[in-house]
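# Structural overview for review
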Amino acid sequence: MKKLLALLVLLCVVMSSTSVSANHQHREYIDYGEVKVITIPEPDEHFKNNYVYYTHYFIFKPTVSGTYRFMISYEEDETKPYPIYMDMTSYIKVNGNDRYEGNQGYREIENGLEFYGEVGRYYELMFQYMSYDKRNPQFTFYLETDLEIPKT
C-alpha cells in the first residue's frame, strides 16, 4: 500500500511539473488609445507540438464605463489564414488577489471584440496564435470606443 501511495504521489509531482499551457506566454497592460505590436517568435528549444503556440494577455482597466472595442490589424494571405483566436474575461482585485468573474460577455466583430467595460474591473484580453506554422506575422492591437474619454 505504501509503495502504491508513493507511486501516486510521484506521478502527481511529475504531472504537475509538465506544462499544458502555451509555448510562449506574455502579459502586459494596455490603455485606451495605446497601440501594441507583437511579432510571433521563432520556437525555442522547449517547443511542444499540439499545444497553443503563443498566448498574449493584454490587461485593460477602464477609467470610464462604456463600450470598448479590442481591435487587431494585420496583413494576411487569404489562401492560408493565420491560426488565431481572441477571447476576453474580467476580474476584480480582492485583498491583492485576482478574482475572476468569468466571461462578462463580448461580441465578436470584424477584426476584434466589443465589450462593456466598467470602472473598477480589469479586463484580460487574450490573443492566441494556435500553432507554429513557420510564419512569423506581426499583429497590431489597440482599444477604441465611441465614448469621450476625459484627459487626466
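So, here is what we can say about the structure in this document. (Residues numbered from 1 in each chain as written. Predicted model: local features only at pLDDT ≥ 70, side-chain atom pairs only at ≥ 80, totals over all residues. Heavy atoms only, no water.)

### A few points about the sheet that holds strand β3 (residues 54–60)
A sheet is described by the order of its strands in space; here five strands give the open sequence β1-β3-β9-β5-β6, paired in mixed fashion. For this open sheet the edge positions go to β1 (24–29) and β6 (97–100), each flanked by a neighbour on one side alone. Across the sheet, the mean angle separating the axes of adjacent strands is 30 degrees when strand polarity is ignored. With seven bridges connecting them, β3 and strand β9 (residues 122–129) associate as antiparallel partners. Within β9, the position partnered with Thr55 by the bridge is Gln128. (Pairing = 2+ DSSP bridges. Helix = DSSP H or I, 4+ residues; strand = E, 2+ residues; numbered from the N terminus. Axes fitted to C-alpha atoms, helices over the stretch in contact; angles between N-to-C directions.)

### Side note on the packing of aromatic side chains
As enumerated under the stated definition, the model contains 18 aromatic pairs in all. Seen in terms of ring centroids, Tyr91 and Tyr100 are 5.0 Å apart; in terms of plane orientation they differ by 45 degrees. Their pairing is tilted. Take Tyr91: its relative accessible area is 0%, and that puts it in the buried class. Relative accessible area serves as the criterion here: at 40%, Tyr100 is assigned to the partly exposed category. Clustering of aromatic rings is evident, with ring pairs tying together Phe58, Phe70, Tyr74, Tyr82, Phe127, Tyr129, Phe139 and Phe141. (Phe/Tyr/Trp six-rings, centres within 6.5 Å; stacked < 30°, edge-to-face > 60°. Buried < 20%, exposed > 50% of the residue type's maximum accessible area, 1.4 Å probe, protein only.)

### Describing the pattern of salt bridges
Pairs may arise between side chains of opposite charge once their charged atoms sit close together. Enumeration according to the criterion identifies ten salt bridges in this entry. Residue Glu124 is joined to Arg27 by a salt bridge in which the shortest nitrogen-to-oxygen separation is 2.6 Å. In this pair, Glu124 sits in strand β9 while Arg27 sits in strand β1, placing the two residues 97 residues apart along the sequence. Looking at Arg27, the relative accessible area reads 45%, which means it is partly exposed. In this structure, a network of salt bridges that share partners links the residues Arg27, Lys93, Asp98 and Glu124. (Salt bridge = Lys/Arg side-chain N within 4 Å of Asp/Glu carboxyl O.)

### Focus: the environment of Leu125
Positionally, Leu125 belongs in strand β9. For Leu125, a relative accessible area of 0% translates into the label buried. Expressed as a C-alpha distance, the spacing of Leu125 and Met88, which sit 37 residues apart in the sequence, is 4.6 Å. Setting aside residues no more than four positions away along its own chain, Leu125 makes contact with His56, Tyr57, Phe58, Phe60, Phe70, Asp87, Met88, Phe115 and Leu143. (Contact = heavy atoms within 4.5 Å.)

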